[in-house]
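Working through the structure, step by step
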Amino acid sequence: MNEVSLLTKSVEETTALGEYFGRLAEKDLFIALSGDLGAGKTHFVQGLAKGMGISETVTSPTFTILNYYDGNLPLKHFDFYRLDDEEDLYNIGWEEYSIGGVIVAEWADRFPGLIPVDAFWIDIKRTGETDREISISWDDRAPETVAKEIEAYAACH
Ligand SMILES: Nc1ncnc2c1ncn2[C@@H]1O[C@H](COP(=O)(O)OP(=O)(O)O)[C@@H](O)[C@H]1O
Ligand SMILES: [Mg+2]
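Attention in this report is confined to the structure presented alongside it. (Residues numbered from 1 in each chain as written. Chains lettered and ligands numbered in written order. Predicted model: local features only at pLDDT ≥ 70, side-chain atom pairs only at ≥ 80, totals over all residues. Heavy atoms only, no water.)

1. A few points about the site of ligand 1
- Taken together, 16 residues are adjacent to ligand 1, and T14, G38, K41, T42 and H43 come closest.
- A distance of 2.6 Å is found between a nitrogen atom of ligand 1 and a side-chain nitrogen or oxygen belonging to T14.
- A distance of 2.9 Å separates an oxygen atom of ligand 1 from a polar backbone atom of T42.
- Compared with its free state, where it exposes 570 Å², ligand 1 has 77% of that area covered by protein.
- Secondary-structure elements contributing two or more residues to the shell around ligand 1 are α1 (11–24) and α2 (41–51).
- No other element matches the three residues that α2 contributes to the shell around ligand 1.
- A per-class count over the shell around ligand 1 returns three nonpolar, eight polar and five charged. (Near = heavy atom within 4 Å. Polar contact = N/O pair within 3.5 Å; in protein donor to acceptor, adjacent residues only side chain to side chain. Areas by Shrake-Rupley, 256 points an atom, 1.4 Å probe, with all protein chains shown as cover. Helix = DSSP H or I, 4+ residues; strand = E, 2+ residues; numbered from the N terminus. Nonpolar A, V, L, I, M, F, W, Y, C, P; charged D, E, K, R; others polar.)

Encoded structure:
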């Protein structure tokens, strides 16, 4: 596993990181988010969508499990918080939706077996009122060009 971490001190800094990922997005980019309720996962996804050229308002798919947005690439936004078992996900079309475009899943650590090996894992920890520690990890099967850019971003943030 490769890992970098950085600190954000405001909502804007977290959405800026998401936006950076969004601008790097290539086909089949998978981002697995973890972190407690209120950590900032949904705000990260709002930045991600913006970076992908999506102007729609991004809200948490807590109850719908999946929100779909059309951007430069499709964005599939999952939230596993209320998901009881993988079966429910297959029933709403996981096999079809979990490939193609950018896929981001909140609470990915609840069902790690569903996350592809080439995913970027992003864990957000609340370390203060507006301080967050963000750890990004991936293995060598993740898209290399994205990995290089993330390393560069983390080095100056
Ligand atoms: N640095 C920060 N990054 C992200 N969110 C922050 C930060 N500082 C404060 N917040 C607040 O934390 C909350 C994060 O909410 P949200 O993104 O919905 O979290 P999650 O999806 O992880 O439950 C929001 O109320 C936001 O204003
Ligand atoms: Mg959320």
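2. Things to note about the sheet that holds strand β1 (residues 2–8)
- On the basis of which strands lie adjacent, the open sheet formed by seven strands has the order β1-β7-β6-β2-β5-β4-β3 and mixed pairing. Each edge of the open sheet is held by one strand with a lone partner, namely β1 and β3 (66–70). With direction set aside, neighbouring strand axes in the sheet form an average angle of 15 degrees.
- Pairing geometry for strand β6 (residues 120–126) and strand β7 (residues 132–138), over six bridges, is antiparallel. Among the inter-strand pairings, K125 is bridged to a residue of β7, identified as E133. (Pairing = 2+ DSSP bridges. Axes fitted to C-alpha atoms, helices over the stretch in contact; angles between N-to-C directions.)

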